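The residues making up each chain are set out below.
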Amino acid sequence: MAEKMDIVVIPELNKAEVRTVDKPEVQPGKVLVRILGCALCTFEQRMFTGVANVPKPFIGGHEVTGVIAAVGEGVDEKQFPVGKHVAARTFYSCGHCYACRHDEGNLCENGNEADRSWMAYPGIGGLQQYMLLDRNQIYMINDDLPLEKACFAEPLACVLNSIERGHLEIGEDVVVIGGGIMGQLHVMCAKLSGCRVIMSEPDGPRRELAKKLGADICIDPTQVDAVEEVKRLTDGEGAAAVFNTTAVSAVAQQAIGMVAKLGTVVMYSSQHPDKPIEVSPGWLHNSEANITGAVSPSIRSFRRSVNALSKGIIDPELLVSGVFDYHDCQKAFETAIRPDTFRCIIKF
Ligand SMILES: [Zn+2]
Ligand SMILES: [Zn+2]
């Protein structure tokens, strides 16, 4: 009889529950990871609340950490030792599409090629006691790093990809719009990059947290014209980089108004709904500014993220809003969707 494992599924809207299914067996060339923790990202929250509609039951979970439980035939046990703590890049990169051939695996269009035939239900699969992964999805992480911090490997990797797109340089001004978890991670990374960091966020407690994490100046866009204020703070020049971490199109428009000549605007967050904004070609011509985006963790940003967490260069402790046993998954989801929380983590 097959061994069993527990998983957390979303069987219907606003509900999370534990189910018991067959535990996957390790396969040749693959690594079986015993999951220790999985964070509930906006993606999982949207599945739970129905903002994103997916067939149910659904297994979420892409911000995972665990230990190697077994390796398949052909996998070097010295390179992948059983018991080693790891983080997993669950995002699939096929290696053969246009983006992958440009070394930008985060833009891969063939995510559906990922082999998830071992899973009992559709989904990404982090919210399970075991995950079957390819070697190139596994990143070694410091064994002493608490699981709630190790779960940040994926979101921090997304942010480091964004920071890379912003081309930050020491001494420059950076604006981060939005003080949610992704905005706060941008603040930490921009500060470490040697920039003066300006945060625009209407919520007082979020502005205070940004200050603790390295923001030099916080502005309240409900009290001042955020674009004018950034211009004033930068002697009329604008910021060298602007990261928009909100899903509001009017704010995306503001982000473009804040950037300096030759500067870069990074549209970090996904847009719901995705309403077009206006950009003047004449202004682009005269400013040589760049407008770009950042999505998912790249292969290289994931590596740097794991290093930064392992070595304590980035400590996400203040962004952890709770660690829940997986039997309390309903409470974990309900806490995660509250606007005043950052990351909630489910422990297996
Ligand atoms: Zn995520
Ligand atoms: Zn690809």
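Engineer: How should I be thinking about the domain arrangement of the chain in this particular structure?
Structural biologist: Reports often express the size of an interface as the amount of accessible area lost when the parts come together. Each domain of the chain was delimited in the assignment, giving domain 1 (4-152 + 316-347) and domain 2 (159-293). A C-alpha centroid distance of 30 Å is found between domain 1 and domain 2. On the domain 2 side, the residues contacting the nine residues of domain 1 number 15 residues. Where domain 1 abuts domain 2, roughly 990 Å² becomes buried across the two surfaces, and 67% of that area is made up of carbon and sulfur atoms.

Engineer: Please explain the coordination of the zinc ion (ligand 2) as it appears in this structure.
Structural biologist: Around the zinc ion (ligand 2), the protein supplies Cys94 (SG), Cys97 (SG), Cys100 (SG) and Cys108 (SG) as donor atoms, at distances of 2.3 to 2.4 Å. Coordination geometry of the zinc ion (ligand 2): the four donor atoms subtend angles of 102 to 117° at the metal centre, consistent with an arrangement described as tetrahedral. For the zinc ion (ligand 2), the donor residues sit on a single chain with the sequence spacing C-x2-C-x2-C-x7-C. Note that Cys97 is positioned in the loop between β5 (85-89) and α2 (98-101) and Cys108 in the loop between α2 and β6 (130-134), a separation of 11 residues in sequence. In this structure Cys108 comes out as buried when scored by relative accessible area, which is 10%.

Engineer: I'm lost on the packing of aromatic side chains in this one. Help?
Structural biologist: When we look at a pair of aromatic rings, we describe it by the centre distance and by the angle of the planes. In this structure the tally under the stated criterion is four aromatic pairs. Each ring, one from Tyr139 and one from Phe302, has its centre 4.5 Å from the other, and the planes form 40°; the classification is tilted. Remark: Phe302 occurs in helix α10 (residues 299-310) and Tyr139 occurs in strand β7 (residues 138-140); sequence separation between them is 163 residues. Comparing Tyr139 with Phe302, the two get one shared label, buried. If you follow Lys23 out to its NZ or CZ, it ends over the ring of Tyr130, 4.4 Å from the centre. The positively charged end of Arg34 is found above the aromatic ring belonging to Tyr130, 5.7 Å away from the centroid.

Engineer: What am I meant to see in a negative patch on the surface here?
Structural biologist: On the surface, Glu169, Glu172, Asp235 and Glu237 cluster together into a patch of negative charge. If you trace the backbone, Asp235 turns up in the loop between α7 (226-233) and β11 (239-244).

Engineer: Help me understand the layout of surface pockets in this model?
Structural biologist: In this approach a probe as big as a water molecule rolls over the atoms, and the regions it shows empty are the leftover space. What the second largest pocket holds in volume is close to 230 Å³. Looking at the lining of the second largest pocket element by element, the count peaks at five residues for strand β12 (residues 259-267). Grouping the constituent residues of the lining of the second largest pocket by class yields eight nonpolar, seven polar and six charged.

Engineer: I would appreciate a short explanation of the nonpolar core in the present structure.
Structural biologist: Taken as a class, soluble globular proteins show a tendency for nonpolar side chains to be buried jointly. Formed by 46 residues in total, the largest nonpolar core has its most connected members in Leu156, Leu168, Val174, Leu185 and Leu319. Elements supplying a minimum of two residues to this core: α3 (147-150), α4 (153-166), β8 (173-177), α5 (181-192), β9 (196-200), α6 (204-213), β11 and α10. When residues of this core are sorted by domain, at least three fall in each of domain 1 (4-152 + 316-347) and domain 2 (159-293). Setting aside its immediate chain neighbours within four residues, Leu168 contacts Ile163, Val174, Ala190, Ser193, Cys195, Ala241 and Phe243. Met47, Phe48, Trp118 and Phe333 belong to the second-largest nonpolar core, a separate cluster that totals 42 residues.

Engineer: Hey, could you run me through the environment of Lys211 in this one?
Structural biologist: Positionally, Lys211 belongs in helix α6. You can call Lys211 partly exposed: its relative accessible area is 47%. Note: C-alpha distance between Lys211 and Gly282 (71 residues apart in sequence) is 36 Å. For Lys211, the contacting residues outside a window of four places in its chain are Asp216 and Cys218.

Rules used throughout
- Residues numbered from 1 in each chain as written.
- Chains lettered and ligands numbered in written order.
- Predicted model: local features only at pLDDT ≥ 70, side-chain atom pairs only at ≥ 80, totals over all residues.
- Heavy atoms only, no water.
- Domains from an automatic or database assignment.
- Contact = heavy atoms within 4.5 Å.
- Buried area = accessible area lost by both parts, 1.4 Å probe.
- Donors = N, O, S within 2.8 Å, 3.2 Å for Na, K, Ca; no water.
- Tetrahedral: all angles 85-135°; square planar, octahedral: opposite > 155°, others 65-115°.
- Helix = DSSP H or I, 4+ residues; strand = E, 2+ residues; numbered from the N terminus.
- Buried < 20%, exposed > 50% of the residue type's maximum accessible area, 1.4 Å probe, protein only.
- Phe/Tyr/Trp six-rings, centres within 6.5 Å; stacked < 30°, edge-to-face > 60°.
- Lys NZ or Arg CZ within 6 Å of the ring centre and 35° of its normal.
- Patch = residues over 30% accessible without salt bridge, like charges linked within 9 Å, V, L, I, M, F, W, Y side chains within 5 Å.
- Areas by Shrake-Rupley, 256 points an atom, 1.4 Å probe, with all protein chains shown as cover.
- Salt bridge = Lys/Arg side-chain N within 4 Å of Asp/Glu carboxyl O.
- Lys, Arg positive; Asp, Glu negative; His and termini not counted.
- Charge placed at Lys NZ, Arg CZ, Asp CG, Glu CD.
- 1 Å grid on protein atoms, 1.4 Å probe; cavity = no way out; pocket = protein on both sides within 12 Å on 5 of 7 lines; lining within 4 Å.
- Points joined across faces, edges and corners; volume = space filled by probe spheres on them.
- Nonpolar A, V, L, I, M, F, W, Y, C, P; charged D, E, K, R; others polar.
- Core = buried A, V, L, I, M, F, W, Y, C linked by side-chain atoms within 4.5 Å.

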